[in-house]
Amino acid sequence: MTVRELSSAPNLASLYAKALLSRGGGTTLPDIELVRPEVVVDPAHVAAYADVCGFRYSDELPATYPHMLVFGMQMSLMTEPGFPFPLLGLVHVENRITQRRPLRLGETFSARVRAANLRPHEKGRQLDLVSELRVGEETVWSAVSTYLRRGEGSSPAGPRAALTPPSPTGLWHIPGDIGRRYAEVSGDRNPIHLHPLTARMFGFPKAIAHGMWTKAHALASFEGRLPPAFSVEVRFKQPVLLPAKAAFTSWHTDDGWAFELWHARKPKPHLDGVISGV
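Residues numbered from 1 in each chain as written. Predicted model: local features only at pLDDT ≥ 70, side-chain atom pairs only at ≥ 80, totals over all residues. Heavy atoms only, no water.

### Some thoughts on the overall build of the protein chain
As a reminder of what qualifies: Segments assigned H or I by DSSP are reported as helices when at least four residues long, segments assigned E as strands when at least two residues long, and all are numbered from the N terminus. Our radius of gyration looks at C-alpha atoms and nothing else; its globule reference is 2.2 Å times the residue count to the power 0.38. Remark: exposure states derive from per-residue accessible area (1.4 Å probe, protein chains only) relative to the maximum for the residue type, with buried under 20%, exposed over 50%, and partly exposed in between. Any two residues whose heavy atoms approach within 4.5 Å at even a single point are treated as in contact. In these tables, accessible area is a Shrake-Rupley quantity obtained with a 1.4 Å probe, and a residue counts as shielded only by the protein chains included in the view. A positive count includes Lys and Arg, and a negative count includes Asp and Glu. His and the chain ends are not counted in either. The location of each charge is read from NZ of Lys, CZ of Arg, CG of Asp or CD of Glu.
Within the protein chain one finds six helices and 11 strands. Expected size for 278 residues packed as a compact globule is a radius of gyration near 19 Å; at 18 Å, the protein chain falls within 12% of this value. In terms of overall dimensions, the protein chain has a C-alpha envelope of 50 × 45 × 35 Å along the principal axes. Each of the 278 residues in the protein chain was classed as buried or not, and the buried ones make up 49%. For the protein chain, contacts bridging at least 24 residues in sequence account for 72% of all contacts bridging at least 6. Accessible area of the protein chain: about 13300 Å², with a carbon and sulfur share of 52%. Separation of charge centres in the protein chain, based on 31 positive and 26 negative side chains, amounts to 9 Å.

### What about the pairing of strand 10 (residues 256-263)?
Put simply, the rule is: Note on pairing: DSSP must find at least two bridges between two strands before they are called paired.
Across the eight residues that make up strand 10, a large majority, eight, are buried. Counting the residues between successive antiparallel strands, the hairpin from strand 9 (residues 244-252) to strand 10 contains three residues. Where strand 10 meets strand 11 (residues 269-277), seven bridges bridge the pair, whose relative direction is antiparallel. Looking at strand 11, one finds that leucine 261 is bridged to leucine 271.

### Some details on a positive patch on the surface
As a reminder of what qualifies: Nonpolar side chains (Val, Leu, Ile, Met, Phe, Trp, Tyr) within 5 Å and like charges within 9 Å form the patches, drawn only from residues with over 30% relative accessible area and no salt bridge. The term salt bridge refers to a side-chain nitrogen of Lys or Arg lying within 4 Å of a carboxyl oxygen of Asp or Glu.
On the surface, Lys206, Lys245, Arg265 and Lys266 cluster together to form a positively charged patch. Along the chain, lysine 206 falls in the loop between helix 5 (196-200) and helix 6 (211-220).

### As for the domain arrangement of the protein chain
Heads up, the condition is: Domain boundaries shown here were taken from an automatic or database domain assignment. Here the quantity called buried area is the accessible surface, traced with a 1.4 Å probe, that two parts lose on coming together, added over both. In the analysis that follows, any N or O atom pair within 3.5 Å is treated as a polar contact, provided that within protein one partner can donate a hydrogen and the other can accept it, and provided that, for residues neighboring in sequence, both atoms belong to side chains. Any residue that is not Ala, Val, Leu, Ile, Met, Phe, Trp, Tyr, Cys, Pro, Asp, Glu, Lys or Arg is counted as polar, Gly included; the first ten are nonpolar and the last four charged.
Domain boundaries assigned for the protein chain yield domain 1 (1-158) and domain 2 (160-277). The gap between the C-alpha centroids of domain 1 and domain 2 is 19 Å. The interface is formed by 29 residues belonging to domain 1 together with 29 residues belonging to domain 2. Carbon and sulfur atoms make up 58% of the area that domain 1 and domain 2 hide from each other, which totals about 2600 Å². At the surface where domain 1 touches domain 2, the tally comes to one salt bridge. One salt bridge in this structure joins glutamate 223 and arginine 56, with 3.6 Å as the shortest N-O distance. For the interface between domain 1 and domain 2, the tally reads 14 residue pairs in polar contact (both at pLDDT 80 or more). Mapped onto the side of domain 1 that touches domain 2, the elements with two or more residues apiece are helix 1 (12-21), helix 2 (43-53), helix 3 (66-78) and strand 3 (90-99). The dominant element in the side of domain 1 that touches domain 2, judged by the number of residues it contributes, is strand 3, at eight residues. Residue composition of the side of domain 1 that touches domain 2, grouped by class: 14 nonpolar, nine polar and six charged.

### Structural notes on the side chain of aspartate 128
Tracing the backbone shows aspartate 128 in strand 5 (residues 124-135). For aspartate 128, a relative accessible area of 9% corresponds to the buried category. Among the polar contacts made by the side chain of aspartate 128, one reaches the side chain of arginine 119 at a distance of 3.2 Å. In this structure the side chain of aspartate 128 is engaged in a polar contact, spanning 2.7 Å, whose partner is the side chain of threonine 146. Other than its neighbours up to four places away in sequence, aspartate 128 contacts Arg114, Ala115, Ala116, Asn117, Arg119, Val144, Ser145 and Thr146.

Quick look at the structure:
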């Protein structure tokens, strides 16, 4: 695998412009690992992220925050020549984050991103983007983001079971501008999140919330109850159309917590997840 070192964070505006022109078409994933050897966190940016996602202000980084540090690198990889799919046609379907210890303001990290595991799916093909933060030789944080390219699937989907939402433990009132607010701190300005008009260009009746915002907002509800090292895994299901009311529920498991997010009035699941110790 070729290691390519980046001296600074990729320019997201230029990457989105590149993504609009990208058509994909390769048959394999790029054999490249992108590396930023020195990444220092901006405390003001962490505070802005905490405000948008519902975390408390602290010198410990929210476990979802490092996604902000690697997202541009992921985009850079997905706009490489020969990447098999156009970036704007990919759907983020799963995300697993593992925090090996608390990450703190003032630390210097090295960040690494690579693509892996291109494989068939019943609705098309999917792949993983694997991201890591290291301090020295120690991997302190890692994530696997699974993306789906819809198309000819490997096998027909089975019949859907009837859905019964669980009893909620909380109600989220999600404002219509949360997509734009999260885009400001994340740089993820995918048109589907910004405005109903641009969302309709991609087949959505309204703007939709970022999946990683829903994950972060869910994780924020567990602050003060999590161990120093843990893994949090979610599956993104039906999109949250903005503005929205969503029913959140969580419960203890043998190894930690489980949680779900549903439409407040319909049997429409948005997200489910588990938190477990490592």
